[in-house]
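Architecture at a glance
Listed below, chain by chain, are the residues.
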Amino acid sequence: MAYQVIIPAAGQGKRMGAGKNKLLLEINDTPIFILTLSIFEKDDRCDGIFLAIHPDDRTLFQSLIKRYHITKVRGLVLGGKERQHSVYAALKEIKQEGIVLVHDAARPFIDLPLISKLIDTAEKEDAAILAVPVKDTVKKVFNNQVVETIERSSLWAVQTPQAFRMSLLLQAHKKAEEEGFIGTDDASLVEQIPHSIAIVEGNYDNIKLTTPEDLYFAEAILRKRQMNI
């Protein structure tokens, strides 16, 4: 089954300290968001890409999309105050039922086999997310004092893409808007309906580029992948 993907790209990435949209930073001479779009561009199951952008970035984004021959972008919508608002704005531009993905523009290392597995799971379960088991010991802290050690066997670090039946995700966003609920991701909105969400085990390479240190990891991942070609 074909799918649509929403990629929120309106944030300014203040933790990256780049002085501009972090998605315009380059890895191996290619902007981060273009690396991300290229993955979906080459996926035969991807029927359309919807980008939520900051209005100041529109002209530059359009230019880069054209330069790198990204042909599947079906819409550039204006992002909102919160990531959730940006996703909802893009969601309302999609006119067909089916599976819709939401993916962080700053995660350029997702791979096609994982996307395919996620889509297949969402088709059966209506909602599926990528996640990886937490490797570190996790402490609950209050006022700089350890309160307790959390049992990590049940803890998973959530990634994107997240995949949903279009009608389900739309229902979740409408409910969140009506109730003034702001979630940390789209899955948290679907949980509020409530609706069950399946887990698909992801890959630790699928990092989100958030801080300057993450760029070093990104370059290492690229080198590893180039060696394995």
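Please refer to the structure higher up on the page.
A quick note: this is a predicted structure, and the numbers were derived from the prediction, not measured.

Regarding the packing of helix 1 (residues 32-41) against helix 2 (residues 58-67)
- Axis separation between helix 1 and helix 2 bottoms out at 11 Å; the angle between their running directions is 50 degrees. It follows that helix 1 is oblique to helix 2 by the angle criterion. The element helix 1 and its partner helix 2 pack so that their crossing is right-handed. Each of F33, I34 and L37 in helix 1 lies in contact with helix 2, whose residues at this interface are F61, L64 and I65.
- Each residue belonging to the contact of helix 1 with helix 2 can be placed in one class, and the counts come to 6 nonpolar, no polar and no charged.

Some thoughts on the pattern of salt bridges
- Applying the stated criterion to the full structure yields 8 salt bridges.
- R83 serves as the salt-bridge partner of D104, at 3.0 Å between the closest nitrogen and oxygen. Placement of D104 in the loop between strand 6 (99-102) and helix 4 (112-125) and of R83 in helix 3 (residues 83-91) is noted, with a sequence separation of 21 residues between them.
- Linking D104 and R107 is a salt bridge whose minimum nitrogen-to-oxygen distance equals 2.8 Å. Like R107, D104 is buried.
- Here the salt bridges share partners, and the residues they tie into one network are R83, D104, R107 and D186.

Thoughts on the packing of aromatic side chains
- Applying the stated criterion to the full structure yields 2 aromatic pairs.
- Ring geometry for Y3 and F40: centres 6.4 Å apart, planes at 80 degrees, overall edge-to-face. Here F40 lies in helix 1 and Y3 lies in strand 1 (residues 3-9), a separation of 37 residues in the sequence.
- Here the aromatic rings of F33 and F61 are separated by 4.2 Å at their centres, their planes lie at 15 degrees, and the arrangement is stacked. Residue F33 is found in helix 1, and its partner F61 is found in helix 2; the two are separated by 28 residues along the sequence.
- Note on F61: relative accessible area 0%, which makes it buried.
- One cation-aromatic arrangement involves K92 over Y88; the distance from NZ or CZ to the ring centre is 4.3 Å.

As for the packing of helix 3 against helix 5 (residues 166-179)
- In contact at an axis separation of 11 Å, helix 3 and helix 5 are set at 130 degrees when each is read in the N-to-C sense. By the criterion of interaxial angle, the relationship of helix 3 to helix 5 is oblique. Crossing geometry of helix 3 relative to helix 5 is assigned as left-handed. Note on element contacts: helix 5 touches helix 3 through M166, L169, L170, H173, K174, A176 and E177, opposite Q84, V87, Y88 and L91.
- Here the contact of helix 3 with helix 5 is built from residues that sort into 7 nonpolar, 2 polar and 2 charged.

Each value, and the rule that gives it
- Residues numbered from 1 in each chain as written.
- Predicted model: local features only at pLDDT ≥ 70, side-chain atom pairs only at ≥ 80, totals over all residues.
- Heavy atoms only, no water.
- Axes fitted to C-alpha atoms, helices over the stretch in contact; angles between N-to-C directions.
- Helix = DSSP H or I, 4+ residues; strand = E, 2+ residues; numbered from the N terminus.
- Parallel < 35°, antiparallel > 145°, perpendicular 65-115°, else oblique.
- Left-handed = near helix turned anticlockwise from the far one by under 90°.
- Contact = heavy atoms within 4.5 Å.
- Nonpolar A, V, L, I, M, F, W, Y, C, P; charged D, E, K, R; others polar.
- Salt bridge = Lys/Arg side-chain N within 4 Å of Asp/Glu carboxyl O.
- Buried < 20%, exposed > 50% of the residue type's maximum accessible area, 1.4 Å probe, protein only.
- Phe/Tyr/Trp six-rings, centres within 6.5 Å; stacked < 30°, edge-to-face > 60°.
- Lys NZ or Arg CZ within 6 Å of the ring centre and 35° of its normal.

In short, geometric facts, not functional conclusions.
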